[in-house]
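Each chain is listed here by its residues.
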Amino acid sequence: MSTGTTRKHTALPKAKILIEALPWLTRHHGKIVVIKFGGNAMVDEELKAAFAQDVVFLRHAGLRPVVVHGGGPQISAALDRHGIATEFKAGLRVTTEDAMDVVRMVLAGQVQRELVGLLNQHGPFAVGITGEDAHTITATRHQPRIDGRRVDIGRVGEITEIDTGAIEALLADGRIPVISSIARSQDDGHVYNVNADTAAAALAAALGAETLMVLTDVEGLYVDWPNSDEVISRLTASQLEKLLPELSSGMAPKMEGCLFAVRNGVTTARVIDGRVQHSILLEIFTDEGIGTMVVPDEFAQGASV
């Protein structure tokens, strides 16, 4: 076989992949995609690098990505180094005043800076902000109910207001906003630790995003976990609402965020496996997709989204 023929054969699959992506590129062009960065993708070097490539690819492909991140593993490690105990209640980290100082330092000073740096290896795109900046996220004290009683878990915030002005300005300038899930207080001049899944969903709704994507460490929402590893590929908001009481404490805020997003104007919300390299591109630009997609009830009959 000649060299020219070999080149044609190796190039053809690449061309087919690009053509398969064309309708999805057309559909999503100019649209905002909010991506919650978390799980193994945050701590594995190869996955971090692949994530950064995916986000920059979206930007070059004409989409407008916004990244929201937490930093659970990094926060736990830093608290250990400072001799501060880690405790969870109702699936949320109990955040004392001392712990909040560490949370703020880790999210804004470590995790965000590393992610911005990875993205900016590909060009001058990423700009890091926190929810405190320009009043982007405002919150009040969140007191979850456990066994019917409200419990104080410290400086953990419940979002009361979103101001998208700073994010929209960055998007208009062709930048990729990278947002740490810290909120300014509505009432006492302090700051709050906000669940990053919840923050991503609130920002997606406020921005009128086309899609919310939540990276996690499982393949998606399982039909009957732990008895089955079959993944639900698509479900409506009402179907998801019925399943929420049965979900694990780790998956519940992710799926609650997806439900909030599609009930507040976001076209689709997706939970995808962040352990798979380039999972974002696979989900957005291929026919198969991976993970679980939540759609508004009006798309119950399988309308294309």
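For clarity, every value in this text was computed on a predicted model and none was experimentally measured.

Definitions and cut-offs
- Residues numbered from 1 in each chain as written.
- Predicted model: local features only at pLDDT ≥ 70, side-chain atom pairs only at ≥ 80, totals over all residues.
- Heavy atoms only, no water.
- Helix = DSSP H or I, 4+ residues; strand = E, 2+ residues; numbered from the N terminus.
- Expected span 1.5 Å × (residues − 1).
- Bend = angle between axes of the 7 residues up to and from the residue.
- Buried < 20%, exposed > 50% of the residue type's maximum accessible area, 1.4 Å probe, protein only.
- Axes fitted to C-alpha atoms, helices over the stretch in contact; angles between N-to-C directions.
- Parallel < 35°, antiparallel > 145°, perpendicular 65-115°, else oblique.
- Left-handed = near helix turned anticlockwise from the far one by under 90°.
- Contact = heavy atoms within 4.5 Å.
- Nonpolar A, V, L, I, M, F, W, Y, C, P; charged D, E, K, R; others polar.

(A) Representation of helix H4 (residues 97-119). Compared with the 33 Å implied by 1.5 Å per residue over 23 residues, the 32 Å span of H4 between its first and last C-alpha is a close match. The sharpest bend along H4 reaches about 35° and sits at Gln112. Restricting attention to buried positions, one finds in H4 the residues Ala99, Met100, Val102, Val103, Val106, Leu107, Val111, Gln112, Leu115, Val116, Leu118 and Leu119.

(B) Main features of unusual backbone geometry. In this structure, His135 takes a positive phi of about 55° despite not being glycine. We note that His278 has phi near 60°; this positive angle belongs to a residue other than glycine. On the secondary structure map, His278 appears in the loop between strand S15 (268-273) and helix H9 (279-285).

(C) Geometry of the packing of helix H2 (residues 45-60) against H4. Between H2 and H4, whose axes approach to 9 Å, the crossing angle comes to 60°. Relative to H4, H2 is oriented oblique. The handedness of the crossing between H2 and H4 is right-handed. Seen from H2, the contacting residues are Glu45, Lys48, Phe51, Ala52, Val55 and Val56; seen from H4, they are Glu114, Leu115, Leu118 and Leu119. In terms of residue class, the contact of H2 with H4 is made up of seven nonpolar, no polar and three charged.

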